[in-house]
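Here is what each chain is made of, one letter per residue.
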Amino acid sequence: KIEFAYEKFCVIAIEIKRNYSGDENDGYEYEKTRSIALLEMCVNTELTSGAVYDDGDSLCIFVNYGCSEEILPELFMSAINGENGNLSWYLAMGPSVNDITNAVYSCRKAVAGLGYSYLYPEKYVFTALELEGYENNHCTNELLLNNIFNSLKCENYHKIIADFDS
């Protein structure tokens, strides 16, 4: 039987985006490697334990924790600073689960949550509660897409956000 230090688990997904189309010697790999090392230090504290997995352009952090889940996104974003030079970092937190066998559910929700960075490029952190609110939006997908399409034709960013939030 495997025992974990804490009762709660979640997965945090982090997407790394270049703010320009750079060449291969732009420091991207160095910055990513440096950030992974910082994240690994953040995930292994007296309140949390876990591991960082590099999946190409994104990272997944498996976290076993015994603290309030509200502090987790802030803990990890402080390590990577949201926007760092020529890179932007977007974090999406999957829901907390009490059984490690449900960690896949948390991972799927976190990875899917990164997609909201395209609708909210100025927002760097998406909590599990926010992602649940987006998913439970009462607008049908077809109506939402039509509204966004019409707003894009009008080039009205604020209307796009208002349509999405309604």
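See the structure above.
What you see is a predicted model, and the numbers here were worked out from it, not measured in a lab.

**Student:** Which residues make up the packing of helix 1 (residues 28-43) against helix 2 (residues 71-80), and what values do they have?
**Tutor:** In the contact formed by helix 1 and helix 2, the axes pass within 9 Å of each other and the chain directions differ by 150 degrees. Classified by the interaxial angle, the pair formed by helix 1 and helix 2 is roughly antiparallel. With respect to the hand of their crossing, helix 1 and helix 2 are arranged in right-handed fashion. Only Leu75, Phe76, Ala79 and Ile80 of helix 2 make contact with helix 1, whose side of the interface consists of Ser35, Leu38, Leu39, Cys42 and Val43. Partitioned by chemical class, the residues of the contact of helix 1 with helix 2 number eight nonpolar, one polar and no charged.

**Student:** Help me get a handle on the nonpolar core, residues and values and all.
**Tutor:** Where a protein is soluble and globular, its nonpolar side chains tend to be buried together. Ranked by internal contacts, the top residues of the largest apolar core, which has 24 residues, are Ile12, Ile14, Leu39, Ile61, Val63, Leu72 and Phe76. Counting only elements with at least two residues in this core, the list comes to strand 1 (8-18), helix 1, strand 3 (58-65), helix 2 and strand 5 (87-93).

**Student:** I'd love a proper account of the pairing of strand 5, names of residues and values included.
**Tutor:** The buried fraction of strand 5 is high, at seven of seven residues. Where strand 1 lies against strand 5, seven bridges are found, and the strand directions are antiparallel. Bridging across to strand 5, Ile16 finds its partner in Trp89. Bridge analysis of strand 5 against strand 6 (residues 125-126) gives two bridges, and the strand direction is parallel. Its bridge partner lying in strand 6, Leu91 is registered against Val125.

**Student:** Describe the side chain of Asn64, and please don't skip the residues or the numbers.
**Tutor:** Secondary-structure assignment places Asn64 in strand 3. One polar contact links the side chain of Asn64 to the main-chain carbonyl oxygen of Tyr6, over a distance of 2.8 Å. Beyond its immediate chain neighbours, meaning those up to four positions away, Asn64 contacts Phe4, Ala5, Tyr6, Glu7, Lys8, Phe9, Leu47, Thr48 and Ser49.

**Student:** Break down the environment of Val104 for me, citing the residues and quoting the values.
**Tutor:** Assignment of secondary structure puts Val104 in helix 3 (residues 103-113). Judged by relative accessible area, Val104 falls into the partly exposed class, the value being 46%. A C-alpha to C-alpha distance of 9.6 Å links Val104 and Gly94, two positions ten residues apart in sequence.

Procedures and definitions
Residues numbered from 1 in each chain as written. Predicted model: local features only at pLDDT ≥ 70, side-chain atom pairs only at ≥ 80, totals over all residues. Heavy atoms only, no water. Axes fitted to C-alpha atoms, helices over the stretch in contact; angles between N-to-C directions. Helix = DSSP H or I, 4+ residues; strand = E, 2+ residues; numbered from the N terminus. Parallel < 35°, antiparallel > 145°, perpendicular 65-115°, else oblique. Left-handed = near helix turned anticlockwise from the far one by under 90°. Contact = heavy atoms within 4.5 Å. Nonpolar A, V, L, I, M, F, W, Y, C, P; charged D, E, K, R; others polar. Core = buried A, V, L, I, M, F, W, Y, C linked by side-chain atoms within 4.5 Å. Buried < 20%, exposed > 50% of the residue type's maximum accessible area, 1.4 Å probe, protein only. Pairing = 2+ DSSP bridges. Polar contact = N/O pair within 3.5 Å; in protein donor to acceptor, adjacent residues only side chain to side chain.

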